[in-house]
Amino acid sequence: MGYRVAVVGATGNVGREMMTILEELNFPVDEIHAIASRKSKGVEVSFGDRTLKCQDLEQFDFSTVDVVLMSAGGTVSKEWSEKIGKAGPIVIDNSSVFRMDKDVPLIVPEVNPDAVKDIRKNIVANPNCSTAQLVVALKPLHDAAKIKRVVVSTYQSVSGAGKEGMDELWNQTKAIYGLGDAKPKKFPKQIAFNVIPFIGAFNEDGYTDEEAKMWNEVHKMMDPEIKLTVTCVRVPVFVGHSEAVTVEFDRPISVDEARAILREAPGVLVVDKHEHDGYITPVDAAGEHAVYVSRIRKDHTVENGLSFWVVSDNLRKGAALNAVQIAQLLDETGTLKSSSGFRSITV
Ligand code: 2RA
């Protein structure tokens, strides 16, 4: 018994990864539809060894599917996700539009799977890429020793800004050596051979909305009492977000204890030795499923503090993989209606 699945935004970075991961994780698919805007109608995308032609979002009858993985940007989600949810399927929405909606659970399956009980309008939100990997690492530690405060600096790859972001890094890198136009378009400043301490838009308090997303989403999924301060930085890396994280706990927790907790934690791989094969970079994490934790060490400046380095593939755990894992969670909990029309009771 499988499901009728639609992927909206199927030609984008994340949409393509969603197709790949549905296959990789053997999600029970009876039917699959690649959906995109009218201008991409007929564009071919791969699903395993099959080639699918994109169908037009405006023309597609969403009452014929059971689950929709949505990654077509905030404007499309705002217009379409609720309408699609009302037509019957559960929408797993990768935009920020519904993340703070009290009637929409925001889920990372390793962190707050029970939130599936809170689906009220057939939408589940997928968190921001930089939050997803952070909470996978923080949650098991918070369960062991309450987290009081977190300081995070992100090093976010250009693929977080979509294909245009990747093209800009590639073209600028070539242009700087004389092969074309190096003027920034997608990013506010030159990204090749540079770093930009700005992602998203400025808020009134001087933080960016990307930074605010991180504390809001951690509060919703984990604990509103945790204090977070965040600096989000774009770096000239194609795939893989990294985060330098410092955590203050309410009781002493040793490096060895933290390492042991993280080694057992779902979704986490600890790679932490004091040698050059003993820590992970975004290049190592690209194409992988895990959230890697390296460089765990004591923060000598506070009473109960640890610092560490968290890296993950932002297109995977930060987006497509988490969305497919949410679909698996919906399946495992009997929340999803299958193509036979059967819907078991939500846990
Ligand atoms: C970025 N957070 O990296 C975005 C993607 N969700 O730009």
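Residues numbered from 1 in each chain as written. Predicted model: local features only at pLDDT ≥ 70, side-chain atom pairs only at ≥ 80, totals over all residues. Heavy atoms only, no water.

### Examining the site of the ligand
For the record, the criterion: Note on definitions. A residue lies near a molecule or strand when any single heavy atom of the residue is within 4 Å of it. Between N or O atoms, a polar contact is any pair within 3.5 Å; within protein, one atom must be a potential hydrogen donor and the other a potential acceptor, and residues adjacent in sequence are included only when both atoms are from side chains.
Taken together, Asn128, Cys129, Gln156, Gly160, Ala161, Ile199, Glu210, Arg234 and His241 are the residues near the ligand. Here an oxygen atom of the ligand sits 3.0 Å away from a polar atom, N or O, in the side chain of Gln156. The contact in question runs from an oxygen atom of the ligand to an N or O atom on the side chain of His241, over 3.2 Å.

### A closer look at the packing of aromatic side chains
Rule in force here: Geometry of aromatic contacts follows a simple scheme: Phe, Tyr and Trp rings, the Trp one being its six-membered ring, pair when their centres are within 6.5 Å, and the pair is stacked under 30 degrees between planes, edge-to-face over 60, tilted otherwise. We call a charge positioned over a ring when the NZ of a Lys or the CZ of an Arg lies within 6 Å of the ring centre and within 35 degrees of the ring normal.
Applying the stated criterion across every chain, the model contains seven aromatic pairs. Through successive ring pairs, a cluster of aromatic residues spans Phe60, Phe62 and Trp80. If you follow Lys83 out to its NZ or CZ, it ends over the ring of Trp80, 4.4 Å from the centre.

### Brief notes about the confidence of the model for the chain
As a reminder of what qualifies: A residue's pLDDT is the predictor's confidence in that residue, given on a scale from 0 to 100. By definition in these notes, contact holds between two residues if any of their heavy atoms fall within 4.5 Å.
Scored by pLDDT, the chain comes out at a mean of 95, with 97% of its residues at no less than 70. In the model, residues 342-347 has pLDDT below 50 throughout and makes 18 contacts with residues more than four positions away in sequence or in other chains. Interface confidence in the predicted complex, given as ipTM, is 0.95; pTM for the same model is 0.95.

### Focus: the sheet that holds strand S9 (residues 147-155)
The strands that make up a sheet pair up through hydrogen bonds in the backbone, lying either parallel or antiparallel. Just so we agree on the cut-off: Any two strands with at least two DSSP-identified bridges between them are counted as paired. Helix numbering and strand numbering both begin at the N terminus, where a helix is a DSSP run of H or I of at least 4 residues and a strand a DSSP run of E of at least 2. Only C-alpha atoms enter the line fits that serve as axes; for helices the fit covers just the stretch in contact. Angles between N-to-C directions range over 0 to 180 degrees.
Strand order in the open sheet made by the six strands is S10-S9-S11-S14-S13-S12, with mixed pairing throughout. The open sheet has two free edges, formed respectively by strand S10 (227-231) and strand S12 (268-270), since each of these has just one partner strand. Within the sheet, the average angular offset between the axes of one strand and its neighbour, ignoring direction, is 25°. With eight bridges joining them, S9 and strand S11 (residues 241-249) adopt antiparallel strand pairing. Bridging across to S11, Thr154 finds its partner in Glu243. Taken strand by strand, helix H5 (residues 209-221) contacts S9, S10 and S11, and its axis lies near 155° from that of S10.

### So, the sheet that holds strand S2 (residues 29-36)
Here we have six strands laid out as an open sheet, ordered S5-S2-S1-S6-S7-S8, and parallel in their pairing. Only two strands of the sheet have a single neighbouring strand rather than two, namely strand S5 (55-56) and strand S8 (123-125). Seen against the sheet, helix H1 (residues 13-24) touches strand S1 (3-8), S2 and strand S6 (67-70) and runs at an angle of roughly 155° to S1. Docked against the sheet, helix H2 (residues 74-87) engages S6, strand S7 (90-93) and S8, running at close to 175° with respect to S6.

### Some words on a nonpolar patch on the surface
Put simply, the rule is: Only residues whose relative accessible area exceeds 30% and that take part in no salt bridge are eligible for patches, with like-charged residues grouped when within 9 Å of each other and nonpolar side chains (Val, Leu, Ile, Met, Phe, Trp, Tyr) grouped when within 5 Å. Surface exposure here means Shrake-Rupley accessible area, sampled with a 1.4 Å probe, where a residue is shielded only by the protein chains that are shown. We define a salt bridge as a contact between a side-chain nitrogen of Lys or Arg and a carboxyl oxygen of Asp or Glu at a distance within 4 Å.
On the surface, a cluster of nonpolar side chains totalling about 360 Å² of accessible area is made up of Ile176, Tyr177 and Phe193. Checked against the element boundaries, Phe193 lands in the loop between helix H4 (162-176) and H5.

### Observations regarding the pairing of strand S13 (residues 291-299)
Along any regular strand, the residues point their side chains to alternate faces of the sheet. Taken together, the three bridges between S12 and S13 define a ladder with parallel strand orientation. Of the residues in S13, the one forming a bridge with Val268 is Val291. As defined by bridge partners, S13 adjoins strand S14 (residues 305-312) across seven bridges and the pair is classed as antiparallel. Within S14, the residue paired with Ser294 across the bridge is Trp309. Linking S13 back to S14 in an antiparallel pair, the connection comprises five residues.

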